[in-house]
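Observations on the three-dimensional arrangement
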Amino acid sequence: MSTDDEVRALLLVMPRIVGRIKRIPVPPALSSLDLAPRHLSLLSLLLLDGPQTVSELAASLGVAPTTVSLIIGDLSRKGVLVRREDEADRRRRIVDIAPESRPAISAWLARGGEAWRTALAPLTAEQRRIVVETMLRYEAAVGD
């Protein structure tokens, strides 16, 4: 296969992937919340990595802390997230998924996680690293 053949295959598969992701039904408990992709990235981080500070979330998402604060404020008003004081430093706030929202968010996002686990399972650690790096380079190139 030449690079052009692989590019062609990827150009054909990407719209199908996006279409399938968009068809994953939003759980009824979340359907009225008008969640956007920026919300899903933040929720995925909290689901996978646990409670974090605004600064930690901003660093992981590669955006400014003020942007994360706006998203957190939006999701907190909707009852999806909760904020609490950091017991080690009372000036810092720790953000987490609200207990009543966790089951719906977990069930909804688990499908994508399982799909990635299935796709990456046959690969070596080095091959998985290459896939992730390639996706990040693609994202950057599309954004240019």
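Structural data are supplied above this passage.
Remember, it's a predicted structure, so these values are computed and weren't measured experimentally.

With that out of the way, let us pick up the overall build of the protein. The secondary structure content of the protein amounts to six helices and three strands. Along the longest, intermediate and shortest principal axes, the C-alpha atoms of the protein span 55 × 35 × 30 Å. Long-range pairs, those at least 24 residues apart, make up 49% of the contacts in the protein between residues at least 6 apart in sequence. Of the roughly 10,100 Å² of accessible surface on the protein, 59% is carried by carbon and sulfur atoms. With 20 positive and 18 negative side-chain charges, the protein shows a separation of 5 Å between the mean positions of the two kinds.

On to the pattern of salt bridges, then. Summed over all chains, the structure comprises seven salt bridges. In this structure, Lys-78 engages Asp-74 in a salt bridge whose closest nitrogen and oxygen atoms are separated by 3.6 Å. Ionic pairing is found between Arg-129 and Glu-133, a salt bridge with its closest N-O pair at 2.6 Å. Of the two residues, Arg-129 and Glu-133 are both situated in helix α6 (residues 125-143); the distance of four residues between them amounts to about one turn of the helix. When its relative accessible area of 33% is taken as the criterion, Glu-133 is described as partly exposed. Sharing partners across several salt bridges, the network here consists of Glu-126, Arg-129 and Glu-133.

Residues Leu-42, Leu-43, Leu-57, Ile-72 and Leu-81 are the most contacted members of the largest nonpolar core, which totals 22 residues. Broken down by secondary-structure element, the contributors of at least two residues to this core are α2 (37-49), α3 (54-61), α4 (65-77), β3 (89-97) and α5 (102-120). Residue contacts for Leu-81: discarding those within four places in its chain leaves Leu-42, Leu-43, Leu-46, Ile-72, Leu-75, Ser-76, Val-95, Asp-96, Ile-97 and Ala-98.

Cut-offs and rules
Residues numbered from 1 in each chain as written. Predicted model: local features only at pLDDT ≥ 70, side-chain atom pairs only at ≥ 80, totals over all residues. Heavy atoms only, no water. Helix = DSSP H or I, 4+ residues; strand = E, 2+ residues; numbered from the N terminus. Contact = heavy atoms within 4.5 Å. Areas by Shrake-Rupley, 256 points an atom, 1.4 Å probe, with all protein chains shown as cover. Lys, Arg positive; Asp, Glu negative; His and termini not counted. Charge placed at Lys NZ, Arg CZ, Asp CG, Glu CD. Salt bridge = Lys/Arg side-chain N within 4 Å of Asp/Glu carboxyl O. Buried < 20%, exposed > 50% of the residue type's maximum accessible area, 1.4 Å probe, protein only. Core = buried A, V, L, I, M, F, W, Y, C linked by side-chain atoms within 4.5 Å.

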